[in-house]
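Coordinate analysis (summary)
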Protein chains: 2
Amino acid sequence: MNNLPQHVKIVEVGPRDGLQNEKEAVSARVKIELVDRLSRAGFMNIEAASFVSPKWVPQMATSAEVMAGIERRPGTLYSALTPNMQGFEAALAAGAGEVVIFGSASEAFSHKNINCSIAESIARFEPVARAAREHGLRLRGSVSCAFGCPYQGEVPLEAVADVVGRMRDLGCDEIDIADTIGVSTPRKTQAVMQTAARAFALERISGHFHDTYGQALANIYASLEVGVAIFHSSVAGLGGCPYARGATGNVATEDVLYLLDGLGIQTGVDLQQVVDAGAFISAQLGRKGASRVGNALLAKHAG
Amino acid sequence: MNNLPQHVKIVEVGPRDGLQNEKEAVSARVKIELVDRLSRAGFMNIEAASFVSPKWVPQMATSAEVMAGIERRPGTLYSALTPNMQGFEAALAAGAGEVVIFGSASEAFSHKNINCSIAESIARFEPVARAAREHGLRLRGSVSCAFGCPYQGEVPLEAVADVVGRMRDLGCDEIDIADTIGVSTPRKTQAVMQTAARAFALERISGHFHDTYGQALANIYASLEVGVAIFHSSVAGLGGCPYARGATGNVATEDVLYLLDGLGIQTGVDLQQVVDAGAFISAQLGRKGASRVGNALLAKHAG
């Protein structure tokens with residue numbers, strides 16, 4: 001059997017990718033407490049803000065307030081989504097350590113969502129990439145629909161390689177390969193990850209898996225087998241699935257940590273503190289969290 | 001990468017192991033319809049009944065009625081749990097094709113649950129094993145707590161090897177290695193399966209995983225990697241977790257099928273029919289099913 005990585009970085013995306021997809025907007029005060037709880041749990045990287053127009057994404061309107069209010073834990077990188085230069089300027093002013101740009105591996109998704117081709121959408125980020133370099137900010141590129149698309153179905157491997165290459169050429173420090181609709185299974189996952197690794201350094205590729213079909217942990221394990229060592233996850237599974245209401249979305253951080261802990265892989269993150277942070281935000285949202293580990297540990301301690 | 005098995009047998013345990021652990025008893029009529037829907041979906045093996053004292057397990061009191069009422073699909077094996085000779089006689093009369101005996105890999109669990117040692121508990125099944133052989137019924141042995149125990153915690157590999165050897169000597173045709181509390185992770189799973197395979201033929205070993213900590217599919221994938229080709233699962237995740245109320249129990253059949261379909265592994269089972277059977281029994285129980293695939297497909301078709 002292959003050796004698995006000894007260390008894994010978990011990028012906690014709950015405060016941004018998670019809460020952005022929740023129906024109810026959460027107050028800046030609650031978001032600040034969530035981010036601070038996550039920092040204290042040990043995450044080295046938290047996606048905390050998105051500087052998009054509040055007309056498009058009202059859930060993220062308080063991003064500047066959140067970034068100003070959080071406690072900056074030394075060593076933790078706070079990331080912000082920046083769709084354009086206006087967003088970049090706001091992220092810079094807010095003290096983000098990393099800015100995130102995005103594109104799709106699916107032409108159909110790109111046209112449907114932002115009304116331009118994949119190549120055009122990446123080219124539009126050139127000014128942001130340049131500005132990030134000039135200001136010494138880290139640049140992350142996120143590739144959606146790398147394993148399948150809600151509009152076109154199959155996504156060819158060459159399309160993944162192409163968009164990863166474009167993001168590399170833009171100067172990305174890290175590139176996320178995302179299963180936006182959660183359709184992948186392990187061998188497909190390995191093929192996509194190995195394709196991405198032919199265009200970009202494997203140690204700076206991350207896997208962003210959704211648990212819509214329950215496959216996320218199997219896909220993460222399969223990714224570990226081919227050497228991927230960065231994963232995205234969302235505390236309490238925050239986020240849901242925008243393509244099937246009532247279905248599961250982002251894989252829950254607690255479940256990923258349990259897997260990694262069981263495999264003897266170091267993350268620097270304390271599971272119980274994440275479970276507590278998940279209980280906190282789930283209570284704020286007035287519902288049961290979507291993490292199986294969270295629910296099992298909370299039930300066990302209650303019982 | 002290792003080759004995975006090309007064919008997998010799924011043992012559908014929802015009607016017995018699932019419904020037995022549900023708070024509310026389900027009528028014989030509903031159980032019959034559930035079993036018939038599952039047979040038609042293509043399962044070659046369904047755990048349909050348990051001939052235990054109705055004083056202990058009132059949910060299974062109608063087992064004879066269920067076995068008499070179901071449509072026997074040619075090629076499908078209907079299994080029944082038989083704790084003793086009285087249970088065996090009832091299973092034989094009911095036309096079960098396979099009887100299931102059980103033991104634990106954990107001494108603490110054995111003492112706590114049936115007040116005797118593992119060795120004693122297996123020896124007590126000798127008359128059942130002999131009778132099964134005499135009447136040409138298939139014999140299956142189920143090993144609980146093979147990956148961890150709610151009372152003693154860790155379970156040594158030698159204990160798994162020992163109980164598997166005892167069940168082999170009793171004449172079992174198939175042996176289940178069960179993660180009763182859902183605590184395993186992939187590398188542990190592979191070590192336990194490989195230990196069991198040193199005492200019994202790998203092609204007749206099955207994996208019974210619970211999804212309490214969300215690890216079941218990762219564990220199934222890891223089991224496939226070491227050649228395990230029989231898995232238990234429960235439609236709509238019926239069963240819950242008796243050790244942590246509100247937590248997840250049996251892995252959902254729909255999720256396992258999605259994984260196997262994605263890996264190109266043949267099962268002979270039609271996913272959509274299983275999703276429909278899951279929707280049927282979940283409606284009868286008055287709640288949302290616990291299968292992520294089931295919920296995603298139902299949401300997609302509704303949306």
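Remember, it's a predicted structure, so these values are computed and weren't measured experimentally. (Residues numbered from 1 in each chain as written. Chains lettered and ligands numbered in written order. Predicted model: local features only at pLDDT ≥ 70, side-chain atom pairs only at ≥ 80, totals over all residues. Heavy atoms only, no water.)

It is common to give the size of an interface as the accessible area that goes away when the parts come together. At the interface, 38 residues of chain B touch 39 residues of chain A. Contact between chain B and chain A buries roughly 3,300 Å² in total, counting both sides, with carbon and sulfur atoms accounting for 56%. When the buried surface of chain B facing chain A is broken down by residue, Arg187, Tyr213 and Arg292 of chain B rank first, second and third, together holding 25% of it. There are two salt bridges connecting chain B and chain A. Arg292 of chain B is the partner of Asp211 of chain A in a salt bridge, and the nearest nitrogen-oxygen pair spans 2.3 Å. Where chain B meets chain A, there are 14 residue pairs in polar contact (both at pLDDT 80 or more). Looking at the side of chain B that touches chain A, the elements with two or more residues in it are helix H9 (186-199), helix H10 (216-225), helix H11 (253-262) and helix H13 (292-302) of chain B. It is H13 of chain B that provides the largest number of residues to the side of chain B that touches chain A, a total of six residues. (Contact = heavy atoms within 4.5 Å. Buried area = accessible area lost by both parts, 1.4 Å probe. Salt bridge = Lys/Arg side-chain N within 4 Å of Asp/Glu carboxyl O. Polar contact = N/O pair within 3.5 Å; in protein donor to acceptor, adjacent residues only side chain to side chain. Helix = DSSP H or I, 4+ residues; strand = E, 2+ residues; numbered from the N terminus.)

Moving on to the environment of Val100 of chain B. Residue and element names in this part refer to chain B. The topology assignment puts Val100 in strand E4 (residues 98-104). Each C-alpha atom, one on Val100 and one on Glu47, is 9.1 Å from the other, the two residues being 53 residues apart in sequence. With sequence-adjacent residues up to four places away left out, Val100 is seen in contact with Glu47, Ser79, Ala80, Leu81, Thr82, Arg140 and Ser142.

On average, residues of chain A score 95 in pLDDT, and 99% of them are at 70 or above. Model confidence for the complex is summarised by a pTM of 0.96, with the ipTM given as 0.95. (pLDDT = per-residue confidence, 0-100.)

Let us now look at the sheet that holds strand E7 (residues 205-209) of chain B. Sheet strands pair by backbone hydrogen bonding; their relative direction is either parallel or antiparallel. Residues and elements named next belong to chain B. Spatially, E1-E2-E3-E4-E5-E6-E7-E8 is the arrangement adopted by the eight strands of the closed barrel, whose pairing is parallel. Neighbouring strand axes in the sheet, compared pairwise and without regard to direction, differ in orientation by 30 degrees on average. Across two bridges, strand E1 (residues 9-12) lies against strand E2 (residues 45-50) in parallel orientation. Looking across to E2, one finds that Val11 is bridged to Asn45. The strands that helix H2 (residues 28-41) touches are E1, E2 and strand E3 (77-81); relative to E2, the one it contacts most, it runs at about 165 degrees. Contacting E4, strand E5 (138-144) and strand E6 (174-179), helix H8 (residues 157-170) crosses the sheet at an angle of about 165 degrees to E5. (Pairing = 2+ DSSP bridges. Axes fitted to C-alpha atoms, helices over the stretch in contact; angles between N-to-C directions.)

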